[in-house]
Amino acid sequence: MAGIEDLYREIILDHYRSPRNRGELPVPPAHKVEGFNPLCGDEVVLYLDVDPESDAVRDVKIAGQGCSISQASTSMMSAAVKGRPLAEVRKLIRAFKALMSIHESKLEGEGEGDGSDLAAELAGVRLGDLEALQGVVKFPVRIKCATLAWNTLQQALDETAQAQA
Amino acid sequence: MTALDVATVKRDFPILERKVNGKRLVYLDSASSAQKPIAVLDAMDDSYRRHYANIHRGVYTIAEEATAAFEAARRKVARFVNAPHAEEIVFTRNATESINLVAYSWARANLRAGDAIVLSHMEHHANVVPWQMLAAERGVELRWIPLTSDFRLDLSNLDALLDGARLLAISAMSNVLGTLNDIRPLADAAHTHGALVLVDACQYVPHVATDVQQWDADFIAFSSHKLCGPTGIGALWSRLELLEAMPPFLGGGEMIRDVRLDGFTTNDVPWKFEAGTPAIVEAVGFGAAVDYVTAFGMDAVRAHEVSLTGYALEALRDRFGESLTIYGPTDLDRRGGAVSFLFDGIHAHDVSQVLDEDAVCVRAGHHCAKPLMRQLGVPATTRASFYVYNDEADVDALIEALAKAQKFFAV
């Protein structure tokens, strides 16, 4: 049985209490995307400013409200992607979601065979502090709280790419 | 009136013997769904083991027994809410379906563009969305009774809201705030303006003696599962003449008298609204649940909940003071046993997660009442709710677990 300390690691509580990159960015050039978790009312507002020259995240700001997991995950995501090239950001999204879903499928008793996929997704990606969120997967109903920020980021990337196309 | 002996009552509920995380299960989510006593489980088991067949069909013994048990359950439910006729109880899937039945059958046959329906800000989505769907389809206008600062209906503008309205659809008890609404004067006011009255009595019927004749409403929706009965069955009460005038809702077997290639004629009320094989065994369980709570006496059930709610409100205030906000009336005469609250700076889901460590089951979220949550200006609350099997020790366990959560998330 997983204890709450597995879920609420100190670094998560730290990001929850002192979220990084909170605020707004002027739109445009930044792109604004809102993400909702209708189940629990978590809300993430993401301002993503992509530099088309370098194809990298020039700046990122976050707003919104919700539980500690959703808000800490948002804060950690913002810190992880700021200044990073978009190609790396996309890899990070895949790696993070793989980290969440591999454990989800393990919980559903689908065996250990998914490990190689996880290894593939994680190859060459440094999750750093984000690894603290892996305890969330032991609490299946909270996975959506952790992935909300990342789905919102994915949407922002897609919309930015469309706008530039 | 004999007071409830909760220690004995607890023994009627096998699930309460369970341990979760090594701790005694403290179930405080009955407003969401109540636990099931042995009496209900046994009645359903016996029904499947000894009397099961489809109803209203076969002429063999067990089919007749099944039919008799199904219709006996209808009579029990009718008596429970003091309905004048058993045929005024339509079995549905749940209270939500009961409300949808009225929206699809009565409302679509009677309401035109420009007609108004009056709702309140404290309604559950089940009593909001069916009317929004109708509004979008038919151009019906929705009007809203706002709330006062002490979490009651603000009736200061009621006459203007009801002017030209065809329906008042209102909750008898808020699933979030616990507020009890005084239905009779609301029904009188609505009738004066020529509007019918639908009561969402989902949270009320299991907890307070209900008399549909005293309310003088036109439609009343409630469910079995909040009354210690099974899921999958609910009820709609309405007056016979109203049900008879309404077109059918779902089409299929049972709801017909005759079918020809060029059309059909409908069965009598209530079977006209019960298309397809119904939840037969669930109806038997519903009846058994009615018997179970009736044996306590609904006055005793209510008295127990008033006392326990009072204890909980006081304990929450004493222990947490200003750091915890309670959303709901403080007057025990005007509220039921659903207590919503929020810690300053701690999200309801985080609180609920920590409570689970101590096997304390509460609901966290928007409680399917997002318009109300927006009025309150909060994304979610934690809600503890009580029933016959809860006692002060359960409230004490809640308070201790909450103290742990507060300490854990101390900002």
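Residues numbered from 1 in each chain as written. Chains lettered and ligands numbered in written order. Predicted model: local features only at pLDDT ≥ 70, side-chain atom pairs only at ≥ 80, totals over all residues.

Visitor: Would you explain the overall build of chain A in this entry?
Guide: When helices and strands are tallied, chain A shows six helices and three strands. Expressed as a percentage of the 165 residues in chain A, the buried residues total 36%. Within chain A, contacts between residues at least 6 apart in sequence are counted, and of these 72% link residues at least 24 apart. (Helix = DSSP H or I, 4+ residues; strand = E, 2+ residues; numbered from the N terminus. Buried ≥ 20, exposed ≤ 12 C-beta atoms within 10 Å, placed from the backbone. Contact = placed C-beta atoms within 7 Å.)

Visitor: How should I be thinking about the overall build of chain B in this particular structure?
Guide: Helices and strands together make up the secondary structure of chain B, namely 14 helices and 17 strands. Here chain B has a C-alpha radius of gyration of 22 Å; the compact-globule value for 411 residues is 22 Å, and the two agree. Each of the three principal axes of chain B carries a C-alpha extent, and together these read 70 × 55 × 40 Å. Relative to its full complement of 411 residues, chain B shows a buried share of 51%. (Rg over C-alpha atoms; globule rule 2.2 N^0.38 Å.)

Visitor: Can you walk me through helix H5 (residues 129–138) of chain B in this structure?
Guide: Helical geometry note: an α-helix holds 3.6 residues per turn, so side chains three or four residues apart project in the same direction. Residues and elements named next belong to chain B. Listed as buried for H5 are Pro130, Trp131 and Leu134. Relative to the axis of H5, the buried residues are bounded by an arc of 95° and lie together on one face. Along its buried surface, H5 packs onto helix H4 (95–110), strand E5 (116–120), strand E6 (141–145) and strand E7 (165–171). Positive phi appears at glycine 139, one or two residues downstream of H5, with a value of about 70°. (Arc of directions from axis to C-beta.)

Visitor: Hey, could you run me through helix H11 (residues 298–320) of chain B in this one?
Guide: Residue and element names in this part refer to chain B. Taking 1.5 Å per residue, 23 residues should reach 33 Å; H11 reaches 32 Å between its end C-alpha atoms and fits that length. Of the residues making up H11, those classed as buried are Val301, His304, Glu305, Leu308, Thr309, Ala312, Leu313 and Leu316. Buried residues in H11 make contact with helix H10 (280–296), strand E13 (324–327), strand E14 (338–343), strand E17 (381–385) and helix H14 (392–408). (Expected span 1.5 Å × (residues − 1).)

Visitor: How do you make sense of the nonpolar core when you look at a structure like this?
Guide: Most often, soluble globular proteins have nonpolar side chains that are buried together. Residue and element names in this part refer to chain B. Membership of the largest hydrophobic core comes to 172 residues, with the highest contact counts inside it found for Leu168, Val197, Val199 and Ile220. Take this core: its biggest share by element is ten residues, from H10. Once residues lying within four places of it in the same chain are set aside, the contact partners of valine 197 are Leu168, Leu186, Ala187, Ala190, Ala217 and Asp218. (Core = buried A, V, L, I, M, F, W, Y, C linked by C-beta atoms within 7 Å.)

Visitor: Even after reading the chapter, I still don't get the confidence of the model for chain A, so can you show me in this structure?
Guide: Detailed reading of the predicted model is not advised wherever pLDDT is low. Residues of chain A with pLDDT of at least 70 account for 85%, and the chain-wide mean is 83. pLDDT under 50 marks residues 103–114 of chain A. Its contacts with residues more than four places away, or in other chains, come to eight contacts. (pLDDT = per-residue confidence, 0-100.)

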